[in-house]
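# Architecture and fold: a report
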Protein chains: 2
Amino acid sequence: MAELHPACAPLAFLLGTWQGTGTGVYPTIEDFSFAEEVTFAHVGKPFLAYSQKTKDTGTGLPLHTETGFLRPQGDGRLELVLVQPSGIAEVLVGNVEGRDIQLVSTAVLVTDSAKPVTATQRRFWMDGEVLHSSVAMAAMGLELQHHVVSEMYCLS
Amino acid sequence: MAELHPACAPLAFLLGTWQGTGTGVYPTIEDFSFAEEVTFAHVGKPFLAYSQKTKDTGTGLPLHTETGFLRPQGDGRLELVLVQPSGIAEVLVGNVEGRDIQLVSTAVLVTDSAKPVTATQRRFWMDGEVLHSSVAMAAMGLELQHHVVSEMYCLS
């Protein structure tokens, strides 16, 4: 087990595997709910590896997944690069303040076959022992707006 | 265990965890060699999840890692979205022909703190039981050129 890189110390509260549930809304789709698992891991280098997956709480079938890397830049500044299997790649910048991380996209790339997503905003924050996660998204020609929110507890 | 999505059938030869070794070169750095592990996995949806990590063969310390999603588009056409912890997000397009996958970037995003990478070219191909992987890269103001190549065997 590698020692945590000092640059990642402000992100140490994220480390581990988290499980919980969430809900999603968007004007172009039906409201939905999901079970979620998120992992933040490190290998001793100045970044955290982030991976996330959700499944349908009824059928257990996989819904969403995404994966990326969170890069502390000093003074609480952060960069996040992230991809989704729907053909979306995001670069976000933001800050960590205490146990609250807020990020906004500086660029979103989509493949030719992907739905048009032009901006995202992401937040991870702790409230007691609960990790909250939320995503806002500008997609399908609509303005940036709330999309999903979830609450998770740490398993490890 | 979900059944493989029919769209992924041309990519079935990639599924599993692969281990081997490789070498890297670039004009701006010393030549290097590495041990590599690659996994292609699926959840029954029309994409494969790709993850890769390398380590120093001497010290065992982690070197590179990257993660992404490979999206078949029919008629052998492919899309790949991929991120690296060095702050790089790539979108690539290409084809699978038999057991040979060739992809070129259509866009590369880098964070403010990342080294300037402007284009990549990636290939995965089988020769008997060996999976070969190679990456060409245009970085640091240089033209697209060979960067790394590796050979791996399937563990599972």
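Residues numbered from 1 in each chain as written. Chains lettered and ligands numbered in written order. Predicted model: local features only at pLDDT ≥ 70, side-chain atom pairs only at ≥ 80, totals over all residues. Heavy atoms only, no water.

Let's shift gears to the relation of the copies chain B and chain A. The two chain copies are connected by a rotation around an axis plus a translation along it. Note on the copies: chain B fits chain A at an RMSD of 0.0 Å, the axial shift is 0.0 Å, and the rotation between them is 180°. These values place the two chain copies in the arrangement generated by a two-fold rotation axis. (Least-squares fit on C-alpha atoms with pLDDT ≥ 70 in both.)

All right, on to the packing of aromatic side chains then. Scanning all chains against the criterion turns up 10 aromatic pairs over all chains. On the basis of an interplanar angle of 90° and a centroid distance of 5.6 Å, the ring pair of Phe47(B) and Phe69(B) is categorised as edge-to-face. In this pair, Phe47(B) is assigned in the loop between strand S2 (29-41) and strand S3 (48-55) and Phe69(B) in strand S4 (residues 62-72), connecting sequence segments 22 residues apart. We note that Phe47(B), like Phe69(B), is buried. Clustering of aromatic rings is evident, with ring pairs tying together Phe40(A), Tyr50(A) and Phe124(A). Here Arg123(A) stacks its cationic end above the ring of Trp125(A), 4.0 Å away from the centre of that ring. (Phe/Tyr/Trp six-rings, centres within 6.5 Å; stacked < 30°, edge-to-face > 60°. Helix = DSSP H or I, 4+ residues; strand = E, 2+ residues; numbered from the N terminus. Buried < 20%, exposed > 50% of the residue type's maximum accessible area, 1.4 Å probe, protein only. Lys NZ or Arg CZ within 6 Å of the ring centre and 35° of its normal.)

Next up on the list: the interface of chain B and chain A. How big an interface is tends to be expressed through the accessible area that disappears when the partners come together. Across the contact, 30 residues belong to chain B and 29 residues belong to chain A. Contact between chain B and chain A buries roughly 2300 Å² in total, counting both sides, with carbon and sulfur atoms accounting for 71%. When the area that chain B buries against chain A is broken down by residue, the three leading residues are Phe69(B), Pro85(B) and Leu109(B), summing to 24%. Taken together, the links from chain B to chain A amount to zero salt bridges. Our count for the chain B to chain A interface comes out at 17 residue pairs in polar contact (both at pLDDT 80 or more). (Contact = heavy atoms within 4.5 Å. Buried area = accessible area lost by both parts, 1.4 Å probe. Salt bridge = Lys/Arg side-chain N within 4 Å of Asp/Glu carboxyl O. Polar contact = N/O pair within 3.5 Å; in protein donor to acceptor, adjacent residues only side chain to side chain.)

Moving on: unusual backbone geometry. Phi is positive for Asp75(A), close to 55°, though the residue is something other than glycine. In this fold, Asp75(A) is placed in the loop between strand S4 (62-72) and strand S5 (77-84). A positive phi angle, near 55°, is found at Met140(B), a position not held by glycine. In this fold, Met140(B) is placed in the loop between strand S9 (130-139) and strand S10 (145-154). Here Met140(B) falls in the partly exposed class, since its relative accessible area comes to 40%.

This part takes up the pattern of salt bridges. For the structure on display, the rule yields eight salt bridges over all chains. In this structure, Arg71(A) engages Glu79(A) in a salt bridge whose closest nitrogen and oxygen atoms are separated by 2.9 Å. Its relative accessible area of 10% is what places Arg71(A) among the buried residues. Accessibility expressed as a relative area gives 4% for Glu79(A), which makes it buried. With a closest N to O distance of 2.7 Å, Arg122(B) and Glu66(B) form a salt bridge. Of this pair, Arg122(B) sits in strand S8 (residues 117-127) while Glu66(B) sits in strand S4; the two residues are 56 residues apart in sequence, bridging distant segments of the chain.

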